[in-house]
Amino acid sequence: MICLAAGMSPEVAGLQHQAEAAGVSFHVIHGARALLGLVTAADELIALGDGLFVSAPQAVALLGQGQGVLVQPIEQGLAAGFERIDLNHAAAAAMRVPGRLVERMAELPADCDAISALQRIALQAGIPQRPLPPLGQDGVFWSLIRSEADAQALEPVWIRQRTGGGEALNLSRGIARSAVHAYGPSLLHAGSGAGSVVIAAVVLAVLGLGSGWFGLVPLGLICCALGWIVREAAVMLARIQSDAADRGGIGLSRRAAYGWLIDGIMVALLAWNAAPAGAPFDPDRLFPPLMLFALLRILPTAIDHRWTVWLKDRAVVGLSLAVAVMAGVGSEAVHLAALALAAGGILVSSLKARLTPP
């Protein structure tokens, strides 16, 4: 890795440590001509402009297609501060070129702009242009950061783009998204990110179980609901940190495990609530809540309807059951909810069968 910089700043030192930790050699150079001693004719060179802030998966995909100079529409590029290439195109400050082209930089002034000069040399040598996809499409983000003010202005846009789309919204995701927009930058700057939020979600689940053990079933259900919302926020933060192209795939396995944990705790809480004070444990009391949560898992998979996303929302389920328990009708609510889900599943399935041609 070669970094063109005026000196060894803390930022450059941090980049060097990351590169060396990954087993990559790191060189700091102060001028374009210094490339001549580091790049051979047999090499390929991937060059990125100063201040380039992009969607990493899209950049890797574009540069992975082979040698080329990335370009974008002139209006889009000039508005973002990129260099004009021709009448219709602006640069994208990224290219993949053969190392032999670096030799031509020996003919240029020592104080020339390395990226701009290499780009002109590549285009004159016939290296093809490769256009960027439209910005915003499939999470594409391509911009230049010239100052701290630019970074602060782009950060909310970046976060909104990484937390939007993908899965349908329900109560938990709506609250989690609002919280990430408001507090996500602070968590990411602090370096804790999604990890600390996951720990908070697990702590809330444990508090929910402990509350039920001491007879505070409504509080336990509320803790589970809050834990689910916090876990949704952790998944969104993980997507921002990883900048993954597949927004739906980040944290799914761990979120699934947390979902089973929350379901198990809620089943235990509802079974405790159904038991008379001081009564010994009766496994039969587990059956109604087990049936309820089994239906909550089966129906969204079996029925392809947008409204079933709300059946997956354990915050809605937990808060609704907490209200029912506080009203003294917790057991009745569990029975009625299970019956309603079973009836709804039968009704929707029968309607679907009638509408489907034989």
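Residues numbered from 1 in each chain as written. Predicted model: local features only at pLDDT ≥ 70, side-chain atom pairs only at ≥ 80, totals over all residues. Heavy atoms only, no water.

Engineer: Outline the overall build of the protein chain, listing residues and values.
Structural biologist: A tally of regular secondary structure across the protein chain gives twelve helices and eight strands. The C-alpha radius of gyration of the protein chain comes to 28 Å, more than 25% above the 21 Å expected for a compact globule of 358 residues. Principal axes of the C-alpha set define a box for the protein chain whose edges measure 90 × 55 × 35 Å. Sequence-distant contacts, at least 24 apart, represent 69% of the contacts inside the protein chain between residues at least 6 apart. (Helix = DSSP H or I, 4+ residues; strand = E, 2+ residues; numbered from the N terminus. Rg over C-alpha atoms; globule rule 2.2 N^0.38 Å. Contact = heavy atoms within 4.5 Å.)

Engineer: Outline the sheet that holds strand β6 (residues 89-98), listing residues and values.
Structural biologist: Reading across from one edge, β3-β6-β5-β7 is the order of the four strands in this open sheet, with mixed pairing throughout. The sheet terminates laterally at β3 (44-48) and β7 (129-131), the two strands that pair on one side only. Between one strand and the next, the sheet's axes are offset by a mean angle of 25 degrees, whatever the strand orientation. Each of β3, β5 (68-73), β6 and β7 is contacted by helix α4 (residues 114-124), which is oriented at about 75 degrees to β6, the strand it contacts most. (Pairing = 2+ DSSP bridges. Axes fitted to C-alpha atoms, helices over the stretch in contact; angles between N-to-C directions.)

Engineer: Which residues make up the nonpolar core, and what values go with them?
Structural biologist: One finds Leu 221, Leu 292, Phe 293 and Leu 321 to be the most contacted residues of the largest nonpolar core, which totals 31 residues. Listing elements by their share of this core, those giving two or more residues are α7 (193-213), α8 (217-242), α9 (252-274), α10 (287-302), α11 (314-326) and α12 (330-355). Element by element, the count of residues in this core is highest for α9, at seven residues. When near neighbours in sequence (up to four residues on either side) are disregarded, Phe 293 contacts Asp 263, Met 266, Val 267, Leu 270, Arg 314, Val 317 and Leu 321. Ile 29, Val 69, Val 71 and Ala 117 belong to the second-largest nonpolar core, a separate cluster that totals 20 residues. (Core = buried A, V, L, I, M, F, W, Y, C linked by side-chain atoms within 4.5 Å. Buried < 20%, exposed > 50% of the residue type's maximum accessible area, 1.4 Å probe, protein only.)

Engineer: Hey, could you go over the pattern of salt bridges for me, with residue numbers and the actual values?
Structural biologist: Enumeration over the complete set of coordinates arrives at four salt bridges. Across the salt bridge formed by Glu 44 and Arg 96, the nearest N and O atoms sit 2.8 Å from each other. Residue Glu 44 is found in strand β3, and its partner Arg 96 is found in strand β6; the two are separated by 52 residues along the sequence. Classification of Glu 44 by relative accessible area gives partly exposed; the value is 42%. A salt bridge links Arg 314 to Asp 263; its shortest N-O distance comes to 2.6 Å. Residue Arg 314 is found in helix α11, and its partner Asp 263 is found in helix α9; the two are separated by 51 residues along the sequence. Each member of the salt-bridge network shares a partner with another, and the members are Asp 263, Arg 297 and Arg 314. (Salt bridge = Lys/Arg side-chain N within 4 Å of Asp/Glu carboxyl O.)

Engineer: Run through the state of the cysteines, naming residues and quoting values.
Structural biologist: Enumeration over the complete set of coordinates arrives at zero disulfides. Here Cys 3 stays free of any disulfide, with the sulfur of Cys 112 as its closest cysteine sulfur at 16 Å. Note on Cys 3: relative accessible area 15%, which makes it buried. In this structure Cys 223 is not part of a disulfide, and its nearest cysteine sulfur, from Cys 224, lies 7.1 Å away. (Disulfide = S-S within 2.5 Å.)

Engineer: Before we move on, can you summarise the environment of Leu 62 with the specific residues and values?
Structural biologist: By secondary structure assignment, the location of Leu 62 is in helix α2 (residues 56-63). Judged by its relative accessible area of 9%, Leu 62 is buried. Sequence-wise, Leu 62 and Pro 133 are 71 residues apart; in three dimensions their C-alpha atoms are separated by 9.5 Å. Once residues lying within four places of it in the same chain are set aside, the contact partners of Leu 62 are Leu 70, Arg 130, Pro 131, Leu 132, Pro 133 and Trp 142.

Engineer: Account for the pairing of β6, with residues named and values stated.
Structural biologist: Counting buried residues in β6 gives nine out of ten residues, a clear majority hidden from the surface. In the sheet, β3 pairs with β6 via five bridges, with the strands oriented antiparallel. Paired with Glu 44 across the two strands is Pro 98, which belongs to β6.

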